[in-house]
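For reference, the chains in residue letters:
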Amino acid sequence: MTKMTFSKTRLINGVWEGELTGAGSEEPKLHVSHLGAPVDGLRLRHDAARDAWQIEIPVPAHLISDGVQTFVISDDQGQTLGSFALLAGEALAHDMRAEMNLLRSELDMLKKSFRQHCRDT
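Let us look at the structure shown here. Because the structure is a prediction, the values reported are computed rather than measured.

### What to know about the pattern of salt bridges
Turning to step 1, where the next piece is worked out: Inspection of the entire model under this criterion finds five salt bridges.
Turning to step 2, where the next piece is worked out: We note a salt bridge from Lys111 to Asp108, for which the minimum N-O separation is 3.7 Å. Within this pair, Lys111 and its partner Asp108 are both found in helix α1 (residues 90-120), separated by three residues, close to a single helical turn.
Turning to step 3, where the next piece is worked out: Members of the salt-bridge network, linked through shared partners, are Glu19, Asp47 and Arg50.

Written out as structure tokens, the structure is:
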């Protein structure tokens, strides 16, 4: 049996898009869940020329909130084929500020070392 490969294509207009290869021409039975609860609206379209399944998952607005929201795509046997995560809110901003502060400190350290080097030579 061919190994199925799952990959993300894009997220646009609230719809996550991906591709499943190696599933054959018969429509695979896939399920999407968020925190263990099913997510409705999964759409599959077979691209015969590429022998791949195009997957569209509309992300429900009520599932978008602060923090990390993970969506899991699995097959009929419950095996996880892939997942995607949405990151939003204040928690993410704190991470970004911390990263910027770290970059500033490193830049200050480099400037200080460079100036010292210039004075010494």
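Back to the write-up after that little detour.
### Quick word on the sheet that holds strand β7 (residues 67-75)
Turning to step 1, where the next piece is worked out: Spatially, β4-β3-β7-β8 is the arrangement adopted by the four strands of the open sheet, whose pairing is antiparallel. Both outer strands of the open sheet, β4 (37-38) and β8 (80-88), are each paired with one neighbouring strand and no more.
Turning to step 2, where the next piece is worked out: As defined by bridge partners, strand β3 (residues 30-34) adjoins β7 across five bridges and the pair is classed as antiparallel. Opposite Ser33, over in β7, you have Val72 as the bridge partner.

### A closer look at unusual backbone geometry
Turning to step 1, where the next piece is worked out: Of note in this structure, Asn13 is not a glycine but carries a positive phi near 50°.
Turning to step 2, where the next piece is worked out: You can see Asn13 is positioned in the loop between β1 (5-12) and β2 (15-21).
Turning to step 3, where the next piece is worked out: The class of Asn13 is exposed, set by a relative accessible area of 76%.
Turning to step 4, where the next piece is worked out: For Leu35, which is not a glycine, the phi torsion comes out positive at approximately 55°.
Turning to step 5, where the next piece is worked out: With respect to the helices, strands and loops of the structure, Leu35 is situated in the loop between β3 and β4.

Cut-offs used in this document
- Residues numbered from 1 in each chain as written.
- Predicted model: local features only at pLDDT ≥ 70, side-chain atom pairs only at ≥ 80, totals over all residues.
- Heavy atoms only, no water.
- Salt bridge = Lys/Arg side-chain N within 4 Å of Asp/Glu carboxyl O.
- Helix = DSSP H or I, 4+ residues; strand = E, 2+ residues; numbered from the N terminus.
- Pairing = 2+ DSSP bridges.
- Buried < 20%, exposed > 50% of the residue type's maximum accessible area, 1.4 Å probe, protein only.

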